[in-house]
Number of protein chains: 2
Amino acid sequence: MANGGGEEVVSNKQVILKDYVSGFPKESDMYIKTSGSTINLKLPQGSSGILVKNLFLSCDPYLRLRMRKIEDTDELFQSFNPGSPLSGYGVAKVLDSGHPDFKQGDLVWGIVGWEEYSLITQPTTLFKIHHNDHVPLSYYTGILGMPGMTAYAGFYEVCSPKKGEYVFISAASGAVGQLVGQFAKLMGCYVVGSAGSKEKVDLLKKNLGFDEAFNYKEEQDLNAALKRYFPKGIDIYFENVGGKMLDAVILNMRVHGRIAVCGMVSQYNLQEPEGVHNLMSIVYKRVRIQGFVVFDYYHLYDKFLDLVLPYIRQGKISYVEDISQGLESAPAALVGLFSGHNVGKQVVRLTTS
Amino acid sequence: MANGGGEEVVSNKQVILKDYVSGFPKESDMYIKTSGSTINLKLPQGSSGILVKNLFLSCDPYLRLRMRKIEDTDELFQSFNPGSPLSGYGVAKVLDSGHPDFKQGDLVWGIVGWEEYSLITQPTTLFKIHHNDHVPLSYYTGILGMPGMTAYAGFYEVCSPKKGEYVFISAASGAVGQLVGQFAKLMGCYVVGSAGSKEKVDLLKKNLGFDEAFNYKEEQDLNAALKRYFPKGIDIYFENVGGKMLDAVILNMRVHGRIAVCGMVSQYNLQEPEGVHNLMSIVYKRVRIQGFVVFDYYHLYDKFLDLVLPYIRQGKISYVEDISQGLESAPAALVGLFSGHNVGKQVVRLTTS
């Protein structure tokens, strides 16, 4: 139950979407609203909401999809409203709660506003954080949050991997890719990742245990690059980018290969998505291409934690984060995803406490 | 064991591929070799081959793929050799056999040459016909042969259909499509097919029990056409054509929809396959696109016959064939597949007996 009665109105800085975005998003597509937005930190009597202080915000590629005007009500994501704050995954502390499942002082991760404080009225995607003993709280925007669950569900549930298989991961140093690669190594697979800079390639090979990695921007011919790293072909492709990379990968799949698709970040800023031409090869090779959405797998979250927390504690899995400081840095951090500015999971830290 | 010893050399008319084909195949890409080709109808002592007289030849779209120069040894199909006869599925009678599994007088279906008589040295794809009591022999090139198994495996094994689901089939009056539609109706699905003429559309609706059918050539906007027939979307798409149709279908799939791909006939005559642009939708809709090859399912052939033969005998499944007469008609029959000339399964009958 909300405490009720009290009044504690404070200002609440927000990241506002100016207007629907087309093409590459720019920092100027958003602005920071510093005055005129306030929030009462005490819930009114009888409220079933949850009032949180946001600690970390997560920059995820799918947010770009919500910055465009979405006409189709069937789509998974709804548009942000121009003039209103963005929202997305974050880590937060409960300041007041009228909801039976959450109480003051709880740490949570889930969907919050891009603002200092959020009132959550429908906690459909809100998880209590129980395991904060050995891991940074920011991990709940990444390895222990939505991207981690995406890697887990996509790799183990969608791809049905087997020891010794050949695994390729695009956007491999990103929030999801770096974890898929480490899962695959722990399973005894051969793992190659692609990324967009030498720094990221080095990270994959030296810090994250990938067998090989390459900078796709330096490859004239992606098909040839893949043939170099996979002379026997690819069993599992964890697809994060789409477009030309997907077309090249399809040509290099092995018989009964699997492609798990959770997103296609290379396509999000295009007015017209690139065409994929080589689909006929999935017939010869009996390839399965499976789209999936992490929401469908959240019931496995506890099982996921049981797997991944020991790995983290034992140092068998690392996680690279790129943390920017302050709500004001959020627009640049988000925009940076699409030029590959971030190295590892992009997080925004809102408080120093 | 082959009878051995004897000599019975006869002439053996053949359909010869002139040269590798690019673009739409033409009758003149093949010729009938009437003289200079002979065959001994008695196997030599010790042979383990099977000598057959071909009764029916099957015209299948995949044959087009073997008419081009295939460099990739990994591909499922190898090129035909210019100057040599084509080969493909057919129904034949065993004249002599040195193979323990086949004896003189057996009726068989499987891979034979496009010629009057064939010597089969590797009977890897050769099935004995046991059930010739109630069905035409030509059915073993269609409903009871490779296309039938393709429909069966693709629909039941790949698509995991459920009663009441919405099923769309392209090339729906073809050798495979007409059977998929009838399987789907028998399962209690809502079934719509596309085809390329009014005659075929009528056939689907009036003779084959499809709920609806449309002529894709008369639709300006395939997406709109699909929305008209599937206001709630498509659960299962049995893909035979690829290209623009696939792109439109992807936009209309329902959540957890399945697309079984056994071929993409609209693409076979193009130098560069069309691009498919809407793949991102498979993420939102959690769609599975599964390439498959009928060869992988031939171990289910007896199970398939147990299902389909009673349906045929009870009149619950019909099958439309387009039978052309004589080996000389084979090039035109094959070429006609790609202009949609055939109505139903295209077969070539070689003998009148």
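Residues numbered from 1 in each chain as written. Chains lettered and ligands numbered in written order. Predicted model: local features only at pLDDT ≥ 70, side-chain atom pairs only at ≥ 80, totals over all residues. Heavy atoms only, no water.

Trainee: Describe the overall build of chain A, and please don't skip the residues or the numbers.
Mentor: Helix and strand counts for chain A come out as nine helices and 17 strands. Taken over C-alpha atoms, the radius of gyration comes to 21 Å for chain A, in line with the 20 Å a tight globule of 353 residues would show. Across its three principal axes, chain A shows a C-alpha extent of roughly 70 × 45 × 35 Å. Burial analysis of chain A (353 residues in total) assigns 60% to the buried set. Within chain A, residue pairs in contact and separated by at least 24 positions form 70% of the contacts whose partners lie at least 6 positions apart. As displayed, chain A has an accessible area near 14,100 Å², and 49% of this comes from carbon and sulfur atoms. Of the side chains in chain A, 35 bear a positive and 36 a negative charge, and the two mean positions are spaced by 6 Å. (Helix = DSSP H or I, 4+ residues; strand = E, 2+ residues; numbered from the N terminus. Rg over C-alpha atoms; globule rule 2.2 N^0.38 Å. Buried < 20%, exposed > 50% of the residue type's maximum accessible area, 1.4 Å probe, protein only. Contact = heavy atoms within 4.5 Å. Areas by Shrake-Rupley, 256 points an atom, 1.4 Å probe, with all protein chains shown as cover. Lys, Arg positive; Asp, Glu negative; His and termini not counted. Charge placed at Lys NZ, Arg CZ, Asp CG, Glu CD.)

Trainee: Outline the pairing of strand S7 (residues 107-113) of chain B, listing residues and values.
Mentor: Residue and element names in this part refer to chain B. For S7, the tally of buried residues reaches six of seven residues, placing the bulk of the element in the interior. The pairing of strand S6 (residues 87-97) with S7 spans seven bridges and is antiparallel. From the neighbouring strand, Val 91 faces S7, where its bridge partner is Trp 109. Relative to strand S9 (residues 126-128), S7 runs antiparallel, the two sharing three bridges. Directly across from Trp 109, in S9, lies its bridge partner Phe 127. (Pairing = 2+ DSSP bridges.)

Trainee: Which residues make up helix H5 (residues 222-229) of chain B, and what values go with them?
Mentor: All names here are of chain B. All buried positions along H5 are accounted for by Leu 222, Ala 225, Leu 226 and Tyr 229. Viewed along the axis of H5, the buried residues span an arc of 95°, placing them on a single side of the element. For H5, the secondary structure elements touched by its buried residues are strand S10 (166-169), strand S11 (190-195), strand S12 (212-215), strand S13 (234-239) and helix H6 (243-251). Looking at where H5 begins, the residue whose side-chain oxygen comes 3.0 Å from the main-chain nitrogen of Asn 223 is Asp 221. (Arc of directions from axis to C-beta. Polar contact = N/O pair within 3.5 Å; in protein donor to acceptor, adjacent residues only side chain to side chain.)

Trainee: Any details on the nonpolar core? Residues and values, ideally.
Mentor: The biggest cluster of nonpolar side chains holds 246 residues, and the ones touching the most others in it are Leu 144 of chain A together with Leu 144 of chain B. In this structure Leu 144 of chain B touches Trp 109, Val 135, Tyr 139, Tyr 301, Phe 304, Leu 305, Val 308, Leu 309 and Ile 312 of chain B, once residues within four positions along its chain are discounted. (Core = buried A, V, L, I, M, F, W, Y, C linked by side-chain atoms within 4.5 Å.)

Trainee: Go over the packing of aromatic side chains, please, and point to the residues and values.
Mentor: All names here are of chain A. Going through the model one piece at a time under the given rule, you end up with 50 aromatic pairs over all chains. On the numbers, 6.3 Å between centres and 80° between planes, the contact of Phe 292 with Tyr 297 is edge-to-face. Grouping residues by exposure puts Phe 292 and Tyr 297 together as buried. (Phe/Tyr/Trp six-rings, centres within 6.5 Å; stacked < 30°, edge-to-face > 60°.)

Trainee: Explain the packing of helix H2 (residues 146-158) of chain B against helix H8 (residues 301-313) of chain B to me, using residue names and the numbers behind them.
Mentor: All names here are of chain B. Their axes nearest at 11 Å, the elements H2 and H8 cross at an angle of 90°. One way to sum up the angle between H2 and H8 is to call them roughly perpendicular. Contact residues: H2 offers Gly 148, Met 149, Tyr 152, Tyr 156 and Glu 157, while H8 offers Tyr 301, Lys 303, Phe 304 and Leu 307. Along the lines of polarity and charge, the residues of the contact of H2 with H8 split into six nonpolar, one polar and two charged. (Axes fitted to C-alpha atoms, helices over the stretch in contact; angles between N-to-C directions. Parallel < 35°, antiparallel > 145°, perpendicular 65-115°, else oblique. Nonpolar A, V, L, I, M, F, W, Y, C, P; charged D, E, K, R; others polar.)

Trainee: Could you give an account of the domain arrangement of chain A, with specific residues and numbers?
Mentor: Residues and elements named next belong to chain A. As assigned here, chain A comprises domain 1 (9-142 + 320-349) and domain 2 (146-295). Look at where the C-alpha atoms of domain 1 and domain 2 centre, and you get two points 28 Å apart. On the domain 2 side, the residues contacting the 23 residues of domain 1 number 17 residues. The contact between domain 1 and domain 2 buries some 1,600 Å² in all, and 65% of this surface belongs to carbon and sulfur atoms. (Domains from an automatic or database assignment. Buried area = accessible area lost by both parts, 1.4 Å probe.)

Trainee: So, the sheet that holds strand S15 (residues 288-291) of chain A: which residues are in play, and what are the values?
Mentor: Read from one edge of the open sheet, 12 strands run S12(A)-S11(A)-S10(A)-S13(A)-S14(A)-S15(A)-S15(B)-S14(B)-S13(B)-S10(B)-S11(B)-S12(B), paired in mixed fashion. The open sheet terminates on both sides in strands that have one partner only, identified here as strand S12 (212-215) of chain A together with S12 of chain B. Ignoring strand direction, the axes of neighbouring strands in this sheet form an average angle of 15°. Two elements, S10 of chain B and S11 of chain B, share four bridges in a ladder whose sense is parallel. In the strand pairing of S11 of chain B, Tyr 166 of chain B is matched with Tyr 190 of chain B. Each of strand S11 (190-195) and S12 of chain A is contacted by helix H4 (residues 198-207) of chain A, which is oriented at about 175° to S12 of chain A, the strand it contacts most.

Trainee: Give me the lowdown on the relation of the copies chain A and chain B, citing residues and values where you can.
Mentor: Mapping chain A onto chain B calls for a screw motion: a turn of 180° about the axis and a shift of 0.0 Å along it, with 0.0 Å RMSD after fitting. Interpreted geometrically, this transformation is the action of a two-fold axis. Taking the C-alpha atom as reference, chain A places Gly 275 of chain A closest to the rotation axis, 1.9 Å from it. Taken together, the interface assignments show that 100% of the residues at the interface of chain A recur at the interface of chain B, consistent with an identical surface on both copies. (Least-squares fit on C-alpha atoms with pLDDT ≥ 70 in both.)

Trainee: Please give an account of the interface of chain A and chain B that cites residues and values.
Mentor: Between chain A and chain B, the residue contacts involve 34 residues of the former and 34 residues of the latter. Across the chain A/chain B interface, buried area totals approximately 2,800 Å², and carbon plus sulfur atoms make up 62% of it. In terms of surface lost to chain B, no three residues of chain A exceed His 277, Tyr 284 and Arg 286 of chain A, which account for 23% of the buried area on that side. Where chain A packs against chain B, one counts two salt bridges. The residue Asp 296 of chain A makes a salt bridge to Arg 286 of chain B at a minimum N-O spacing of 2.7 Å. Counting every contact that joins chain A to chain B gives 14 residue pairs in polar contact (both at pLDDT 80 or more). At the level of elements, strand S14 (253-261), helix H7 (281-284) and S15 of chain A are the ones that each hand at least two residues to the side of chain A that touches chain B. (Salt bridge = Lys/Arg side-chain N within 4 Å of Asp/Glu carboxyl O.)

Trainee: Just give me the short version of the environment of Leu 76 of chain B, but keep the residues and values in it.
Mentor: The residue Leu 76 of chain B is located in the loop between helix H1 (63-66) and S6 in this model. The exposure class of Leu 76 of chain B is partly exposed, given its relative accessible area of 23%. Along the sequence, Leu 76 of chain B and Val 293 of chain B sit 217 residues apart, while their C-alpha atoms lie 9.0 Å from each other. Contacts of Leu 76 of chain B, omitting those with residues within four sequence positions, involve Tyr 284 and Arg 286 of chain A together with Val 293 and Phe 295 of chain B.

Trainee: Account for unusual backbone geometry, with residues named and values stated.
Mentor: Residue and element names in this part refer to chain A. Despite not being glycine, Ala 171 has its phi angle at roughly 45°, a positive value. Mapped onto the elements of the fold, Ala 171 is located in the loop between strand S10 (166-169) and helix H3 (177-186). At His 256, a position not held by glycine, the phi torsion is positive, near 65°. Assignment of secondary structure puts His 256 in strand S14.

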